[in-house]
Amino acid sequence: GGSNTIRKGLLPEKKVVYVCSADFLSECDRIAKVPFRASITHAVIEAYGLLSRMSVVPPKPATFEEICHFHSTDYIECLQRLCQDDDPDKYDEEAEEFGLGYDCPADEGVYDSASWAAGGTLTAAEQLVSGQCSVAINWAGGWHHAKRDSAAGFCYINDIVLGILKLRTKYDRVLYVDIDLHHGDGVEDAFCATSKVMTVSFHKYSPGFFPGTGNLSDTGIGKGAGYTVNVPLNEGCQDENFYRVFEKVMDIVKIKFDPEAVVCQCGADGLAGDPMDSFNLTTLSLAKCVQYLLTWNIPLLLLGGGGYHIPNTARCWTHITSVVTGTKLSSDIPEHRYFTLYGPDYDLMISPGNRADTNTPSHIKNVIAQISDRPDLFV
Ligand SMILES: CN(c1ccc(C(=O)NO)cc1)S(=O)(=O)c1ccc(-c2ccccn2)s1
Ligand SMILES: [Zn+2]
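Residues numbered from 1 in each chain as written. Chains lettered and ligands numbered in written order. Predicted model: local features only at pLDDT ≥ 70, side-chain atom pairs only at ≥ 80, totals over all residues. Heavy atoms only, no water.

Engineer: Whenever I open this one, the coordination of the zinc ion (ligand 2) confuses me. Can you help?
Structural biologist: As a benchmark, a tetrahedral metal site with four donors has ideal angles of 109.5 degrees, while an octahedral site with six donors has ideal angles of 90 or 180 degrees. Protein-derived coordination of the zinc ion (ligand 2) comes from Asp180 (OD), His182 (ND1) and Asp269 (OD), at a distance range of 1.9 to 2.1 Å. In this structure, the zinc ion (ligand 2) is surrounded by 6 donor atoms whose angles at the metal cover 30 to 159 degrees, and the resulting shape is irregular. Mapping the donors of the zinc ion (ligand 2) onto the primary sequence yields the spacing D-x1-H-x86-D. Within this pair, whereas His182 is found in the loop between β4 (174-178) and α8 (185-191), its partner Asp269 is found in the loop between β7 (261-265) and α10 (283-294), the two being separated by 87 residues in sequence. (Donors = N, O, S within 2.8 Å, 3.2 Å for Na, K, Ca; no water. Tetrahedral: all angles 85-135°; square planar, octahedral: opposite > 155°, others 65-115°. Helix = DSSP H or I, 4+ residues; strand = E, 2+ residues; numbered from the N terminus.)

Listed below in structure tokens is the structure:
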């Protein structure tokens, strides 16, 4: 593997920007639900020699002003205040109003790590807008549940919305695709009333499963009617069904919306072995989804998201980075600082678990039919 890999007949070389720096990694390592995931992922990408196939660009943390291009100043001021307060009883009524508390604690450092992750996404989007590259990657971004004035689902600052707003300064129609296990509700809410940004989310949808939104009938409002697409899937989804529905839906989206740029949240919590224990995917289908988007030859922003089995998440985003850089990798993970996390096989690939895929052929057919036959879509 690595930089001496022979490239045979792969797609023409795409310039890839990879947002990273030592400060960026140490700040993003502090994201509470995924401790050290930023450094662990970076270490495998580096061990495979993939850094030499990309242009590494150091980000700055997003400023208060940049963050408030989407979020309300009241919410962000409250977030900053609470993160600086070490009183355990600091969660007053205002905190609750802004979603800060049990599920989304405003602990010391939360504002800093969230603003660095958002800065990474803004830097990546700026690289695409300035034409420096055709693909830009921020594996520490992808916090899709954060709302304009509240934290939600471990997400505090919605870096994805900020990145899309940055892309919209140059591109008229921007597509958002979300392949995380969970519905990308924060991004959908931000753009549900506009026809300039289409959001397409593939996720587990079942009673009581977080966040509970994202049904087929959720299609956008006002000028945005028809520009929200939701693909609800059931327990145990495996690669074959996932990619089949992805490809069919995206074929329609491409024809009808004809995007000028695309943002893909590559949350890896749908992988077999994830503590969320819901889907049964391997990195093959998630990487195939990105490979599919590459064939469109339009600017592509790739972001992380969920992914709580940290070695498998690192495997997934390394696999996707190799696809984007057109680099074939050996399946033997090279020796590196976190090598022991990958035992006992030390293999880049993961195997599906033996849970059944409860998405019947008729469910898959019905979901695709309801989307392709929708009169209101993209009118
Ligand atoms: C707040 N929740 C979220 C929110 C967002 C995500 C996510 O990854 N979104 O992309 C996951 C869980 S939640 O209520 O479903 C859970 C909290 C803790 C959960 C958990 C913790 C350990 C193992 C399994 N599940 S799920
Ligand atoms: Zn998720």
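Now that the structure has been shown, we can carry on.
Engineer: Just checking my understanding: could you explain the packing of aromatic side chains for this structure?
Structural biologist: By convention here, two paired aromatic rings are described through the distance between centres and the angle between planes. All told, the structure shown has 11 aromatic pairs when counted by the stated rule. When the centroid spacing of 5.2 Å and the interplanar angle of 40 degrees are considered together, the rings of Phe202 and Phe246 count as tilted. Here the residue Phe202 occupies a position in strand β5 (residues 197-204), and Phe246 occupies one in helix α9 (residues 239-257), the gap between them amounting to 44 residues. Assigned by exposure class, Phe202 and Phe246 land together as buried. Where Tyr243 meets Phe246, the ring centres are 6.2 Å apart and the plane angle is 25 degrees; that geometry is what we call stacked. Here Tyr243 and its partner Phe246 are both found in helix α9, 3 residues apart, which amounts to about one turn of the helix. By relative accessible area, which is 11% here, Tyr243 ends up buried. (Phe/Tyr/Trp six-rings, centres within 6.5 Å; stacked < 30°, edge-to-face > 60°. Buried < 20%, exposed > 50% of the residue type's maximum accessible area, 1.4 Å probe, protein only.)

Engineer: For this particular structure, what's the right way to read the sheet that holds strand β3 (residues 135-138)?
Structural biologist: Two pairing modes exist for strands in a sheet, parallel and antiparallel, and in both the strands are linked by backbone hydrogen bonds. Reading across from one edge, β2-β1-β3-β8-β7-β4-β5-β6 is the order of the 8 strands in this open sheet, with parallel pairing throughout. The sheet is open, and its two borders are formed by β2 (55-57) and β6 (228-233), each paired with just one other strand. The mean inter-strand angle of the sheet, taken between neighbouring strand axes irrespective of direction, is 15 degrees. (Pairing = 2+ DSSP bridges. Axes fitted to C-alpha atoms, helices over the stretch in contact; angles between N-to-C directions.)

Engineer: Help me understand the site of ligand 1, please; the structure alone is not making it clear to me.
Structural biologist: If you check the shell around ligand 1, you find Asp103, His144, His145, Gly153, Phe154, Asp180, His182, Phe210, Asp269, Pro275, Met276 and Tyr308 and nothing else. At 2.9 Å from an oxygen atom of ligand 1 is found a side-chain nitrogen or oxygen belonging to Asp269. With respect to ligand 1, the side chain of Tyr308 contributes an N or O atom lying 2.4 Å from an oxygen atom. The protein chains hide 66% of the 560 Å² of surface that ligand 1 would expose on its own. Each residue belonging to the shell around ligand 1 can be placed in one class, and the counts come to 5 nonpolar, 4 polar and 3 charged. (Near = heavy atom within 4 Å. Polar contact = N/O pair within 3.5 Å; in protein donor to acceptor, adjacent residues only side chain to side chain. Areas by Shrake-Rupley, 256 points an atom, 1.4 Å probe, with all protein chains shown as cover. Nonpolar A, V, L, I, M, F, W, Y, C, P; charged D, E, K, R; others polar.)

Engineer: So what exactly am I meant to see when it comes to the state of the cysteines here?
Structural biologist: Applying the stated criterion across every chain, the model contains 0 disulfides. With no disulfide of its own, Cys83 lies closest to Cys78 among cysteine sulfurs, the gap being 9.1 Å. In this structure Cys133 is not part of a disulfide, and its nearest cysteine sulfur, from Cys266, lies 15 Å away. (Disulfide = S-S within 2.5 Å.)

Engineer: In this structure, what is going on with the packing of α9 against helix α12 (residues 361-372)? I would like to understand it.
Structural biologist: Between two packed helices, the angle of one axis relative to the other and the distance separating the axes together describe the packing. At a minimum axis distance of 10 Å, the contact between α9 and α12 shows a crossing angle of 10 degrees. Comparing the axis directions of α9 and α12 gives the class roughly parallel. On α12, the residues touching Asn241, Arg244, Val245, Lys248, Val249 and Ile252 of α9 are Ile364, Val367, Ile368, Ile371 and Ser372. Its residues placed into classes, the contact of α9 with α12 shows 7 nonpolar, 2 polar and 2 charged. (Parallel < 35°, antiparallel > 145°, perpendicular 65-115°, else oblique. Contact = heavy atoms within 4.5 Å.)

Engineer: What exactly am I supposed to notice about the pairing of β7 here?
Structural biologist: Regular strands place side chains that alternate from one sheet face to the opposite one. Counting buried residues in β7 gives 5 out of 5 residues, a clear majority hidden from the surface. Pairing analysis gives 5 bridges linking β4 to β7, with the strands arranged parallel. Bridge pairing in β7 links Val177 to Cys264. Bridging between β7 and strand β8 (residues 300-303) involves 4 bridges; their strand directions are parallel. Considered in β8, the bridge of Gln265 is made with Leu303.

Engineer: Which parts of the structure should I look at to understand the side chain of Asp239?
Structural biologist: Topologically, Asp239 is positioned in helix α9. Of the side chains bearing the opposite charge, Lys288 lies closest to the buried Asp239, which forms no salt bridge; the N-O distance is 8.7 Å. One polar contact links Asp239 to Ser285, side chain to side chain, over a distance of 2.5 Å. If sequence neighbours within four positions are ignored, Asp239 has contacts with Asn280, Leu281, Thr282, Leu284 and Ser285. (Lys, Arg positive; Asp, Glu negative; His and termini not counted. Salt bridge = Lys/Arg side-chain N within 4 Å of Asp/Glu carboxyl O.)

Engineer: Explanation requested: α10 in the structure shown.
Structural biologist: Side chains that are three or four residues apart share a direction in an α-helix, a result of its 3.6 residues per turn. Helix length check: α10 (12 residues) gives 16 Å between terminal C-alpha atoms against 16 Å at 1.5 Å per residue, within 8%. Most of α10 sits inside the fold, with 9 of its 12 residues counted as buried. Taken together, the buried positions of α10 are Thr283, Ser285, Leu286, Ala287, Cys289, Val290, Tyr292, Leu293 and Leu294. Taken together, the buried residues of α10 touch β3, α9, β7, β8 and α11 (310-324). (Expected span 1.5 Å × (residues − 1).)

Engineer: Help me out: how do you make sense of the pairing of β5 in this one?
Structural biologist: Of all 8 residues making up β5, 8 are buried, and the element is well covered by its neighbours. Bridge count between β4 and β5: 5 bridges; the pairing is parallel. If you follow Val174 over to β5, its bridge partner there is Val197. You can see the chain leave β4, run along α8 and come back into β5, and the turn it takes is right-handed. (Right-handed = clockwise from strand over helix to strand, strands pointing away.)

Engineer: Sorry if this is basic, but what is going on with the environment of Ile164 here?
Structural biologist: Within the secondary structure layout, Ile164 lies in helix α7 (residues 159-167). The sequence separation of Ile164 and Arg37 amounts to 127 residues, and the corresponding C-alpha distance is 24 Å. Excluding its chain neighbours within four sequence positions, the residues that come into contact with Ile164 are Val174, Tyr176, Val187, Phe191, Val197 and Val263.

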